[in-house]
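Analysis of the macromolecular model
Now for the letters of each chain:
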Amino acid sequence: MKLVDYVYLKRRLIQELEDKLSEESKKKAREDHHSRRPPRPCGMTVHTGIGCSLCCVYCYIYDMGFPRTVTPYPLTGLEMLYALAINPYFAPGRGGTMIAMGAVSEPFLPETRDRTLEYIRVFGMIKNPTQISTKMNIDDETIEKISRYCPHISFLVTIIALRDFRKLEPLAPDPYERFESCRKLINKNIHVSLFMRPIIPGFTDRDAEEILSIAKDVGIRTVVLGTLRVTRRIFKNLLKVGVDLSRRVRKLSDKEQYPIVGHDLKRNIAKLAERLGLRVYEAACGANIEAAGLGCVACDWGPCGYPDKIPHVDERDISELCSELGFKISKTMVRDRIVEVHVTSGSRLDVLEKWLKELTRRRVVIRKV
Ligand code: SF4
Ligand code: SF4
C-alpha cells in the first residue's frame, strides 16, 4: 500500500460513516475531543469510560479531575470511529495511527466493558495497531469476543506488586488472577505484555523477580516498564503506605505530574527481565507495534517490533502523500531512521509531522523553506 492510499482510505471511511450515522450522532462525534486532539507519543489515546472506582494510590487521574464514579464514554463504537476518522491527525489502516485505550480509566469495569468491546470491534475493522491496558480479570466470553473482533490487539496487563499489592491497589483484582487472565488471552493467540508501570520503590523492585518469572510461566514474552509520576497528593498517599519518595522527587505540584528519579530501579528490573529471556520495551507503543507485526524506529527507544517490517518508503511516496495532504515540498530525504521534508507551502505542519511519523515509522524533520 502506498502512503497516499491512507488518505484515500480516510476519505472513504468518512464517507461510509457519514452515510451510516444520523445527524445527531455526527454532531456528537464532531463536538467530542477525540475528533481534534493530536496523538500522544504512545498513539491516539481513546477513552472508554469517564472515571475509575479502583482508587489505586498511585493513580493520577483523580488529580486531572476524573471522578471515582464510572460512566461509559458517551460515544458509541461507530461515533468514536467517526470522531477519529475526521480527526486531521488520524490515519486509518493497518500501518496507520496507533490507538491506545485505558490511559484514564479501567476499560474492563462492569460499567465500561461493553463500551470497550464496541471500540475494540470498530478498531478491529479498520485494523490500526490497537492497544489496551488493564488490571481486571477478563472473563472467557469477553476474551472470545476480543479474539474475534481484533486479533492483532496488544494487551498490557498491569502487575506491579505481589505481596503487599492491596496497599497500592485496594480494590483491584488479585495479581494471581490477573496472571490467569493473561494465560487465557495468550491461549487465544492474543499478544499480552506485562505492564510494570508505575515502578513503586520498595514494592515493584522487591517483587520483580517473582512477577517476571510467573509472567514467563504463563507465556508472556514482553515487558513494558515505566517510571512513577507523582503529584503532591500521590506523594502523600504513598508515604502513608510506607513509600518515602523524598530522595527521589525533584519537583512536586498539586496538579502537574513529575517523574521520580527511578532509572536505577528500571535498569535493574530490565536486567532481570532480559536474563529470563523477556523482551523489554521502554514505552507501551513498542508492544503495540510488535503485536501488530510491524517495526518502528521513530524514537531513540527503537527499534521496536520487527526491524525488517519498518515500511519501505521512497521520496516519491512521501511527495505524493504531502501533496494529497495539501503541502508543497521542495525536497524529501529518506534515510534508515529519518525522513526529512522541506515544505514551501501548506498549513498545520504538526498534522503533516504526525502522518509522516505514523506511516513511515521514522523520526521526522520538517523544514519550512
Ligand atoms: S485502575 Fe487505572 S485508572 Fe483506575 S484507579 Fe487504578 S491506575 Fe487509576
Ligand atoms: S521506536 Fe518504539 S518507543 Fe519509539 S515511537 Fe516507535 S514504537 Fe514507540
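As shown above, the structure is provided for reference.
My aim in this report is to walk through the structure given alongside it, one point at a time. (Residues numbered from 1 in each chain as written. Chains lettered and ligands numbered in written order. Predicted model: local features only at pLDDT ≥ 70, side-chain atom pairs only at ≥ 80, totals over all residues. Heavy atoms only, no water.)

As a further point, take the site of ligand 2. Around ligand 2, the neighbouring residues are Ala283, Cys285, Gly286, Ile289, Cys296, Ala298, Cys299, Trp301, Gly302 and Cys304. Take the shell around ligand 2: its biggest share by element is three residues, from helix α11 (residues 284-291). Class assignment of the residues belonging to the shell around ligand 2 gives a composition of eight nonpolar, two polar and no charged. (Near = heavy atom within 4 Å. Helix = DSSP H or I, 4+ residues; strand = E, 2+ residues; numbered from the N terminus. Nonpolar A, V, L, I, M, F, W, Y, C, P; charged D, E, K, R; others polar.)

In this section: helix α13 (residues 349-360). Taking 1.5 Å per residue, twelve residues should reach 16 Å; α13 reaches 16 Å between its end C-alpha atoms and fits that length. Turning to α13, its buried residues number three or more, namely Val351, Leu352, Trp355, Leu356, Glu358, Leu359 and Thr360. Backbone geometry just downstream of α13 places Arg361 in the positive-phi region, at approximately 55°. (Expected span 1.5 Å × (residues − 1). Buried < 20%, exposed > 50% of the residue type's maximum accessible area, 1.4 Å probe, protein only.)

The next point concerns the sheet that holds strand β6 (residues 154-158). Remark on secondary structure: sheet strands pair via backbone hydrogen bonds, oriented parallel or antiparallel. Spatially, β1-β4-β5-β6-β7-β8-β11 is the arrangement adopted by the seven strands of the open sheet, whose pairing is parallel. Edge positions in the sheet fall to β1 (44-46) and β11 (279-281), since each has one partner strand and no second. Strand-to-strand, the axes of this sheet are offset by a mean angle of 25°, without reference to chain direction. Sheet topology note: the strand β4 (residues 99-101)/strand β5 (residues 130-134) ladder contains three bridges and is parallel. When the sheet's bridge partners are listed, Ala100 is paired in β5 with Gln131. Where helix α10 (residues 263-275) meets the sheet, it contacts β7 (191-199), β8 (222-227) and β11, and its direction lies at approximately 175° from that of β8. (Pairing = 2+ DSSP bridges. Axes fitted to C-alpha atoms, helices over the stretch in contact; angles between N-to-C directions. Contact = heavy atoms within 4.5 Å.)

So, about the packing of aromatic side chains. The final tally for this structure, using the stated rule, is two aromatic pairs. Look at Phe108 and Phe155: their rings are 5.9 Å apart centre to centre, the planes differ by 20°, and that puts the pair in the stacked class. Separated by 47 residues along the polypeptide, Phe108 in the loop between β4 and α4 (113-126) and Phe155 in strand β6 bring together distant segments of the chain. A residue is classified by how much of its surface remains accessible, and Phe155, at 0% relative accessible area, is buried. Taking 6.2 Å as the distance between ring centres and 40° as the angle between the ring planes, the aromatic pair formed by Tyr119 and Phe123 counts as tilted. Of this pair, Tyr119 and Phe123 both sit in helix α4, four residues apart, roughly one helical turn. Owing to a relative accessible area of 0%, Tyr119 belongs among the buried residues under this scheme. Phe123 sits in the buried class, given a relative accessible area of 0%. Sitting over the ring of Tyr149, Arg121 keeps its end group 5.5 Å from the ring centre. (Phe/Tyr/Trp six-rings, centres within 6.5 Å; stacked < 30°, edge-to-face > 60°. Lys NZ or Arg CZ within 6 Å of the ring centre and 35° of its normal.)

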